[in-house]
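Summary of the model geometry
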Amino acid sequence: MKNFLKQIFILTFGVIFASMLSSCHGVRPDADEEAVLIYKPWFFGSSGVDDEPVLTGCTWCVWSTSHETFKITPQRYDETFDDIFSNDNTPLDFNSYINIQIKSGKTPVLLKNYGIKWYETNIQVPYRNYTREEVSKYSPFDLISNREVLNKIDSAVISKMN
């Protein structure tokens, strides 16, 4: 009977150990990405965002740790504007875009302070407002045919976004 209990104990311990090892996963960001680890321990340790991003290669994590991946190359975000009024109250429809690049090594701060939807919650609304504000200063003719006006709008929006 003792031998049987010993075998059950060893088998149980082996199954638990094997399941713990097999539930680990690797975080493998591409060359143009950074990954940020989010610790969610079940038994001991502290939870939260790791201050050091995973740059390249592979980092192994326990099953309770998740990650978010950020592109650190310039990314283009397109915005569609419908019925934006010019200075003579003519409704205009147009598209605009903004290029944004995340600074390498700053992704943990970005995730901690602004979350995974950082563009939608912190940049999209001001960008749309600044663009709408600048476009409404000019006539439709100037917006369509005058390159100097478009350059002024670009410069004003870029300076406000910086």
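Residues numbered from 1 in each chain as written. Predicted model: local features only at pLDDT ≥ 70, side-chain atom pairs only at ≥ 80, totals over all residues. Heavy atoms only, no water.

Focus: the pattern of salt bridges
- Taken as a whole, this structure holds eight salt bridges when the rule is applied.
- Across the pair Glu33 and Lys71 runs a salt bridge, and its minimum N-O distance is 3.4 Å. Taken together, the residues span a long stretch of sequence, with Glu33 in strand S2 (residues 33-39) and Lys71 in strand S5 (residues 66-71) at a distance of 38 residues.
- Classification of Glu33 by relative accessible area gives buried; the value is 14%.
- Between Asp51 and Lys112 there is a salt bridge, with its nearest N and O atoms 2.3 Å apart. Taken together, the positions of Asp51 in the loop between strand S3 (48-49) and strand S4 (59-61) and Lys112 in helix H2 (residues 107-114) put the pair 61 residues apart, joining distant regions of the chain.
- Within the structure, one salt-bridge network assembled from shared partners comprises Glu133, Glu134, Lys137 and Lys160. (Salt bridge = Lys/Arg side-chain N within 4 Å of Asp/Glu carboxyl O. Helix = DSSP H or I, 4+ residues; strand = E, 2+ residues; numbered from the N terminus. Buried < 20%, exposed > 50% of the residue type's maximum accessible area, 1.4 Å probe, protein only.)

A short note on the confidence of the model for the protein chain
- Residues of the protein chain with pLDDT of at least 70 account for 95%, and the chain-wide mean is 89.
- Of all secondary-structure elements in the protein chain, the lowest mean pLDDT belongs to helix H1 (residues 2-22), at 73, while H2 reaches the highest, 95. (pLDDT = per-residue confidence, 0-100.)

Observations concerning the environment of Thr59
- Within the secondary structure, Thr59 is located in strand S4.
- Judged by relative accessible area, Thr59 falls into the partly exposed class, the value being 26%.
- Expressed as a C-alpha distance, the spacing of Thr59 and Val27, which sit 32 residues apart in the sequence, is 5.2 Å.
- If we ignore the near neighbours within four places in the chain, the residues touching Thr59 are His25, Gly26, Val27, Leu37 and Val54. (Contact = heavy atoms within 4.5 Å.)

Comments concerning the nonpolar core
- Phe70, Ile100, Trp118, Tyr119, Val135, Leu143 and Ile153 are the most contacted members of the largest nonpolar core, which totals 21 residues.
- Residue assignment for this core shows that the elements contributing at least two residues are S2, strand S6 (75-85), strand S7 (91-100), H2, helix H3 (118-135) and helix H5 (147-161).
- Ignoring anything within four residues of it in the chain, the contact list for Val135 reads Ile84, Ser86, Leu92, Phe94, Leu143 and Ile153.
- One finds Val27, Ala35, Val54 and Cys61 within the second-largest nonpolar core, a separate group that totals five residues. (Core = buried A, V, L, I, M, F, W, Y, C linked by side-chain atoms within 4.5 Å.)

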